[in-house]
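Working through the structure, step by step
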Amino acid sequence: CCGAGTTLMLTSSGDVCACGAADDALFVVVGSDGLWEYMELQEACDLVYPLRMERRPAMEAAALLVKTAAARWKREEGDYRDDMTATVLYLPCF
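Below is a short write-up of the structure.

A short note on the environment of Leu64
By the element assignment, Leu64 lies in helix 3 (residues 58–77). Non-local contacts of Leu64, meaning those with residues more than four positions away in its chain, are made with Leu47 and Leu51.

See below:
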């Protein structure tokens, strides 16, 4: 919802970080900017790793990331929060 005189802008080009994965990588986390605003990459890894080791579903790990980020948004911004999307892919896939 925008006020008068404001312009909405939507772009299909996002920030991309590419890094080589080690042969022994256990998972990949992909998240929107709202996820990363109040969460560091290492924190995300620390949340996902135990679930991966317990063979819990990747969807559960993604939900935990969003829940944790949402709580941090609430603490820092009150009722406002950015959109958050998280995808967790366990490796190896096949």
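Describing the nonpolar core
When a protein is soluble and globular, its nonpolar side chains tend to lie buried together. Core analysis: the largest hydrophobic core is formed by 18 residues, its most contacted members being Phe27, Val29, Val48, Ala61, Leu65, Val88 and Tyr90. Counting only elements with at least two residues in this core, the list comes to strand 1 (27–31), helix 2 (41–53), helix 3 and strand 2 (86–90). In terms of residue count, the dominant contributor to this core is helix 3 (seven residues). Those residues in contact with Ala61 that sit more than four places away from it in its chain are Val48, Leu51, Val88 and Tyr90.

Focus: helix 2
With 13 residues, helix 2 should reach 18 Å at 1.5 Å per residue; the first-to-last C-alpha distance of 18 Å fits that figure. Close packing links the buried residues of helix 2 with strand 1, helix 1 (33–36), helix 3 and strand 2.

A few points about the environment of Trp36
Along the chain, Trp36 turns up in helix 1. For Trp36, a relative accessible area of 26% puts it in the partly exposed group. Distance from Trp36 to Thr85, taken between C-alpha atoms, is 9.9 Å for residues 49 residues apart in sequence. Within polar-contact distance, the side chain of Trp36 engages the backbone oxygen of Gly31 at 3.1 Å.

What counts, and at which threshold
- Residues numbered from 1 in each chain as written.
- Predicted model: local features only at pLDDT ≥ 70, side-chain atom pairs only at ≥ 80, totals over all residues.
- Heavy atoms only, no water.
- Helix = DSSP H or I, 4+ residues; strand = E, 2+ residues; numbered from the N terminus.
- Contact = heavy atoms within 4.5 Å.
- Core = buried A, V, L, I, M, F, W, Y, C linked by side-chain atoms within 4.5 Å.
- Buried < 20%, exposed > 50% of the residue type's maximum accessible area, 1.4 Å probe, protein only.
- Expected span 1.5 Å × (residues − 1).
- Polar contact = N/O pair within 3.5 Å; in protein donor to acceptor, adjacent residues only side chain to side chain.

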